[in-house]
Structure formats: structure tokens, C-alpha cells
2 protein chains.
Amino acid sequence: MSQVYERVALIGLGLIASSMAHAMRRGGLAGEITGYARSAETRDVAREVGFCDRVCETAQEAVQGADLVVLCVPVGAMGAVAKEIAPALARGATVSDVGSVKRAVIEAVGPHLPEGVHFVPAHPMAGTEHSGPRSGFAELFDGKYTLIVPIEGSDRAAVKRLERLWTAMGATTDEMEADHHDLVCAVTSHAPHLIAYTMVGVADDLGRVTDSEVIKYSAAGFRDFTRIAASDPTMWRDVFLTNKDATLEILGRFTEELFALQRAIRTGDGDMLFEYFTRTRAIRRGIIEAGQDTDAPDFGRVKKG
Amino acid sequence: MSQVYERVALIGLGLIASSMAHAMRRGGLAGEITGYARSAETRDVAREVGFCDRVCETAQEAVQGADLVVLCVPVGAMGAVAKEIAPALARGATVSDVGSVKRAVIEAVGPHLPEGVHFVPAHPMAGTEHSGPRSGFAELFDGKYTLIVPIEGSDRAAVKRLERLWTAMGATTDEMEADHHDLVCAVTSHAPHLIAYTMVGVADDLGRVTDSEVIKYSAAGFRDFTRIAASDPTMWRDVFLTNKDATLEILGRFTEELFALQRAIRTGDGDMLFEYFTRTRAIRRGIIEAGQDTDAPDFGRVKKG
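Reading the values: rules and limits
Residues numbered from 1 in each chain as written. Chains lettered and ligands numbered in written order. Predicted model: local features only at pLDDT ≥ 70, side-chain atom pairs only at ≥ 80, totals over all residues. Contact = placed C-beta atoms within 7 Å. Helix = DSSP H or I, 4+ residues; strand = E, 2+ residues; numbered from the N terminus. Nonpolar A, V, L, I, M, F, W, Y, C, P; charged D, E, K, R; others polar. Core = buried A, V, L, I, M, F, W, Y, C linked by C-beta atoms within 7 Å. Buried ≥ 20, exposed ≤ 12 C-beta atoms within 10 Å, placed from the backbone. Least-squares fit on C-alpha atoms with pLDDT ≥ 70 in both. Domains from an automatic or database assignment. Pairing = 2+ DSSP bridges. Right-handed = clockwise from strand over helix to strand, strands pointing away. Axes fitted to C-alpha atoms, helices over the stretch in contact; angles between N-to-C directions. Parallel < 35°, antiparallel > 145°, perpendicular 65-115°, else oblique. Left-handed = near helix turned anticlockwise from the far one by under 90°.

A. Representation of the interface of chain B and chain A within the structure. The interface of chain B with chain A comprises 97 residues on the first partner and 98 residues on the second. The set of elements that each furnish at least two residues to the side of chain B that touches chain A consists of α7 (178-205), α8 (211-216), α9 (223-228), α10 (233-242), α11 (244-267) and α12 (270-289) of chain B. The residue inventory of the side of chain B that touches chain A, partitioned by class, reads 50 nonpolar, 23 polar and 24 charged.

B. Structural view of the nonpolar core. Ranked by size, the top nonpolar core spans 222 residues in total, and within it Leu 10, Ile 11 and Val 69 of chain A together with Leu 10, Ile 11 and Val 69 of chain B carry the most contacts. Setting aside residues no more than four positions away along its own chain, Ile 11 of chain B makes contact with Tyr 36, Ala 59, Ala 62, Val 69, Val 70, Leu 71, Cys 72, Val 73, Val 81 and Ile 85 of chain B.

C. Here's a closer look at the relation of the copies chain B and chain A. Superposing chain B onto chain A takes a rotation of 180 degrees plus a shift of 0.0 Å along the axis, which leaves an RMSD of 0.0 Å. On this basis, the relationship between the two copies can be described by a two-fold rotation axis. The overlap is high: 100% of the interface residues of chain B also sit at the interface in chain A, so the same surface is used on both sides.

D. Seen up close, the domain arrangement of chain A. Residue and element names in this part refer to chain A. You can read the domains of chain A as domain 1 (5-176) and domain 2 (180-268). Measuring from the centre of the C-alpha atoms in domain 1 to the corresponding centre in domain 2 gives 29 Å. Of the residues in the side of domain 1 that touches domain 2, the class split is 7 nonpolar, 4 polar and 3 charged.

E. Focus on the pairing of strand β8 (residues 145-148) of chain A. Residues and elements named next belong to chain A. Burial along β8 is two-sided: Tyr 145 and Leu 147 facing one way and Thr 146 and Ile 148 facing the other are all buried. With 4 bridges joining them, β8 and strand β9 (residues 172-175) adopt parallel strand pairing. Residue pairing across strands places Tyr 145 opposite Thr 172, the latter belonging to β9. What joins β8 to β9 is helix α6 (residues 156-168), and the crossover it makes is right-handed.

F. Just the sheet that holds β8 of chain A, in detail. All names here are of chain A. Spatially, 3 strands are ordered β7-β8-β9 in an open sheet, and the strand pairing comes out mixed. Looking at which strands have only one partner, the edges of the open sheet turn out to be β7 (122-124) and β9. Adjacent strand axes in the sheet meet at a mean angle of 20 degrees when their direction is disregarded.

G. Spotlight on the pairing of strand β5 (residues 94-97) of chain A. Residue and element names in this part refer to chain A. Because side chains alternate across β5, one face comprises the buried residues Thr 94 and Ser 96, and the other comprises Val 95 and Asp 97, equally buried. Relative to β5, strand β4 (residues 68-71) runs parallel, the two sharing 4 bridges. Among the inter-strand pairings, Val 69 is bridged to a residue of β5, identified as Val 95. A crossover connection joins β4 to the parallel β5 through helix α4 (residues 78-85); in handedness this β-α-β unit is right-handed.

H. How the structure looks around the environment of Val 109 of chain A. Mapped onto the elements, Val 109 of chain A comes out in helix α5 (residues 103-109). The sequence separation of Val 109 of chain A and Gly 79 of chain A amounts to 30 residues, and the corresponding C-alpha distance is 4.8 Å.

I. View of unusual backbone geometry. With phi around 60 degrees, Asp 298 of chain A is a residue other than glycine that occupies positive phi space. The residue Asp 298 of chain A is located in the segment after α12 (270-289) in this model. Residue class for Asp 298 of chain A comes out buried when judged on the 22 C-beta atoms lying within 10 Å of it. For Phe 299 of chain B, which is not a glycine, the phi torsion comes out positive at approximately 60 degrees. Looking at where Phe 299 of chain B falls in the secondary structure, it is placed in the segment after α12. With 23 C-beta atoms packed within 10 Å, Phe 299 of chain B lands in the buried category.

J. Looking closely at the sheet that holds strand β1 (residues 5-11) of chain A. All names here are of chain A. Pairing is parallel across the open sheet formed by 6 strands, whose spatial order is β3-β2-β1-β4-β5-β6. Edge strands, defined here as strands with exactly one partner in the open sheet, are β3 (54-55) and β6 (118-119). Looking at chain direction, strand β2 (residues 30-36) and β3 are connected through 2 bridges and run parallel. Paired with Thr 34 across the two strands is Arg 54, which belongs to β3.

K. Up close: the packing of helix α11 (residues 244-267) of chain A against α7 of chain B. For the pair α11 of chain A and α7 of chain B, the least separation of the axes is 9 Å and the interaxial angle reads 125 degrees. With respect to α7 of chain B, the axis of α11 of chain A lies oblique. Considering only the axes of α11 of chain A and α7 of chain B, their crossing is right-handed. Side by side, α11 of chain A and α7 of chain B meet where Arg 253, Phe 254, Glu 257, Leu 258 and Leu 261 of chain A of the first sit next to Leu 194, Thr 198, Met 199, Gly 201 and Val 202 of chain B of the second. Considering only residue class, the contact of α11 of chain A with α7 of chain B consists of 6 nonpolar, 2 polar and 2 charged.

L. Region of the structure containing the environment of Thr 198 of chain A. Its location among the elements puts Thr 198 of chain A in helix α7 (residues 178-205). Owing to 26 C-beta atoms within 10 Å, Thr 198 of chain A belongs among the buried residues under this scheme. Sequence separation between Thr 198 of chain A and Ala 229 of chain A is 31 residues, and the spatial gap between their C-alpha atoms is 8.4 Å. Other than its neighbours up to four places away in sequence, Thr 198 of chain A contacts Phe 254, Glu 257, Leu 258 and Leu 261 of chain B.

M. Broad picture of the packing of α7 of chain A against α7 of chain B. Closest axis-to-axis distance for the α7 of chain A/α7 of chain B pair is 11 Å, and the angle between their directions is 165 degrees. One finds that α7 of chain A runs roughly antiparallel with respect to α7 of chain B. Both α7 of chain A and α7 of chain B take part in a crossing whose hand is right-handed. Contact residues: α7 of chain A offers Val 187, Ala 191, Pro 192, Ile 195, Met 199 and Ala 203 of chain A, while α7 of chain B offers Val 187, Pro 192, Ile 195, Met 199 and Ala 203 of chain B.

If you want it as C-alpha cells, here you go:
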């Protein structure tokens, strides 16, 4: 592999930024990596783990002379960060982000960026339930998709260069329009997270079944929901507030469908249930065949002898 | 370990029965294991895999002389199987089952069992998304809970002996009353399965987002739902039809809570969302501390370098 950017500045130093730094180092993709986080504690941990060449005390200092700046903060903080760094951006630099919502980020960030700076929004479709600067690792993006969401008038050379970086970090890139991105993510990510949070909240809240019962007997299905319901609260609050329409649309469809299944249970319509449960198996097979999940039973949690 | 029963008959030879057979062999817990399945194909596969000492052509033949008979068929088939084997049961034998619902099984099986036979319902809270006689393995129950649900007048010695078997197969046993069992399982297993089936059905059904998009970008959360939505359709149809009231009650609570969160999204109540998402992290921690799930990111699907 070879260097794609001379200096990459990471603004925000959580799971995604630290994983990008590890992945860029693995491939020798950046001449220098600078970083900045608002919290002094995060900056200290980042220095200790050492995934950046320099951790700076201000965002402006971090972006100086960078030919790629990646905003890795919660979606709701993107606009303020863009405004802060704008005066320090080098002419010809590319500004990208890793936010889970694209239309709102484009609207919040775009207006702040000066003439001569290329804005290429992106979204790596990968993550874990862990967060913070210690949680990153080089392999996070391997075999996963990163969506590149060029805006009107995006410089093609800048787009292609960013795609080269993501590919070299292990990801496969696809280009997508912002509104379609937000709808696709509402289905594959945002609605599932809200539903998982809800199910875990209900279980926690139920007086007649104790938390200790919920925990002890969670292997019967429930525990699968608790992983994504342990994701970073700030990040997810911002996702729902900024991808409101698409998320509410999918949740509306979900509720409609749930009511149809509840009615089948209430009326004893076994054929409808059987047919529905048979159909959903095909999607699982598709995901395994596409290499997006393991076929090992229980996600490989159980070890066969 | 040492023998707990002289002859164990397994009626139905899917994931749970074959795992029990492997686990009993691992510990030398049964003198002989006989088996029966309604489908000739399943019987042939069971013979090929060889987890039973004898696979019989009728259920009656399999239970003859057994001191433990375990019904491992879908909940909706329990009553008919009990009626079929009743005349062939040995006096003093214990009849148990592994059904995910207990009140309905007690009502369907109990009336058929002759005087002098002990009925001790049970439910191992373990499983994978795979099914059939090839899917079993000895380690399935290790570290998981098996709920023992004695009925009124259950013989204490028979209960204790069955608990000894489950413990020796790797499980921890708890005793529980049937209705409470059904409510606990509605929370930890049945409602989560229906919700997962629904979310996968919605994604599959959405015209504006293609199946191929859903599959490619599933690592962002959705794929976690697809595992349990790939479970055996017959088994799950029967679960919902026979644990109707408790499942509908929990789904009602779930919908109420989901609506409250949707309202918070619509009105932009970030504090409510943040607080909710923070609370649900504690349950995940509890499950990991109780040894009921892995703390490895992404269920250990991703390998850190």
C-alpha cells in the first residue's frame, strides 16, 4: 500500500476515528495523523494509546496543513466543529465526516466551508457497541461498506481519492445520494437500534419480571438486543433527532406490520405466522452469503467441541 | 460423572434432542439413549450422525423400558405425542419436555399420562438459529439456565433426579411456576423473536430500499435481528399460538414504549432519548457480568489484530 494523504486530521477521537488511525497506520496511508477531541481526558487517553502522531490542544491546530480533515463527532456537533475549523483549513483540502446521517450533516457543515475546500461526506457502515479512544482497532472496516455521499458539485478527483483511502482501510465503497442514504440507514441501522433500545427498556421496566430474571435467562433471544442497545447514547440521540423523518417512516411501517402479526396471534392464524417466519430466513441467508455475518451458530458465541 | 438414568428416550430429534444426546454421552449420564422422529428423513440423519444408541420406527418402541422420556417436539405437537406414547410408558418413569411454553404443554400432556408416571416439565433456555438433527452439539447447555417447572403433586425425587441430569449436561437449574415461566419467556424470548421477525419482514418488504441494500449494509445493526429471525418457523408458530396472552401483553407494553420514544423523536426531546439510551446500558453490563454473553465487540465477530 502507499500513502494517500500527506496529513490527515481527525476531529473527535472515539471508536471510528481511532479505528481509522489504526487502519491508516496498518497500510501506511497517511504521512502524518493529527487528532483533536474536546475532552481533555479523551486527548490524554489518545496520547497514551498513541494512534495519532500529534494530539493537538485545539481543532484549528489539528487541521492546519492537513489535506484531509475527517469530522468524527456526534452528528449534532458537526456544524459547530465545521465553523470552528473553517478559518484554519488549507486551500485544496478535503473535509469529510463519518456521521450516520447525511442530509443533516451536509446542511450543517456545508455553509461553513470556505471556497476551494472539497466537501465529501462519508459513512462507514461498521461499528461495535464499545465507544471511546480505547475501543478502536485496525480491522473494524475490513469487508464492510463505506458509503460515499458526494454533494452537488463535489470535485471528482477529491471523491476518488477519499474512496481510495477507504478501500485501503479495508472497506468497500459505494456512492449514494444523501436522502437515499438516510432512508437505507433508517432501515438497516436507525430503526433496529431504536427497537432494541425499546425492548431492553421494556424488560428493565417490567415489575412482574425482575431484572435478575431478565439477565439470567437472556440467552433465549433477548441478549441479542442488548448489544446494540449498549451503543453510545449521545451519538444515537443525535441520529434520531437528525434523521427524524426517515426513522419515523420506518417505525410506522414496523408498527403496522407488528400489529398484523399480533392480530394473527390473537386470532390463531398459524398459517400466516408460519409463512412470515419462513420468508425472513432468506434475508439471513443473503447476509451470510454476502460475507456480512458469520454462519457459526449464535454468532460463534458457543464453541462446538 | 455417572449415570443418572438407565434409558433415556428422546421423542423428536432436532437441535435440542440431539444436543441433549451429545451432552449425555459426554458425561456418561444415560445407560442407553433411544430416539424417534416422525419424519423418516430425520430418523435416517439421526442414525447417520449416531447420537442415539437406537433410533426406533415408532414412538412407542422408543419409550419402552425408558426411565426418562423427553418430548422434544414443537409445542403444538406435544399433546398428540403424549397420547401416542402413554400406553407404552413404564411405571415409575419420568416424562419431561423441552417446550418453550409451559402452561399449554402441561394442559396438553398431563391428562394423557397414566397413574404412576411422573411428569416434570422443563425448558432449557438455550438454542441457536440452526435446527434439525445435524445442528446439535454437547456444549449447547454449558453455563445456560434450564427452568424446571414442577406441576402440582410432582414427585420430589423425580424432580431432583431430572435436575441432576440437566446440571450434569452443563446447565444451571431453577424451579419456577408455569405461569411465571410463560411471562418471563415472553419477555426474554418470545417478544424479542416476534420483534426480530417483524423488523426483518419490514426490511424485506420495503420497495424503496432493495433487498440487496439491506443485505450489503446490514452490519450497521440490522444483521443482529436476522439471526433469531432465522429460527425454526414451526417451533415459533406454536410458541406464539400457545403463549398468546403473555406475548400479547409484552408486545402491548413494547408498543406503548415505542410510541413514547417516537414522540420524543418527533418533538425533538433529546434529553428523554439520552436518558433512555443511558439506562439500557446497565442491563447489557449485567448480562456480561452474569456470564450470559461475551464482552468481545460485536459478539466477537470482529477479530482485533
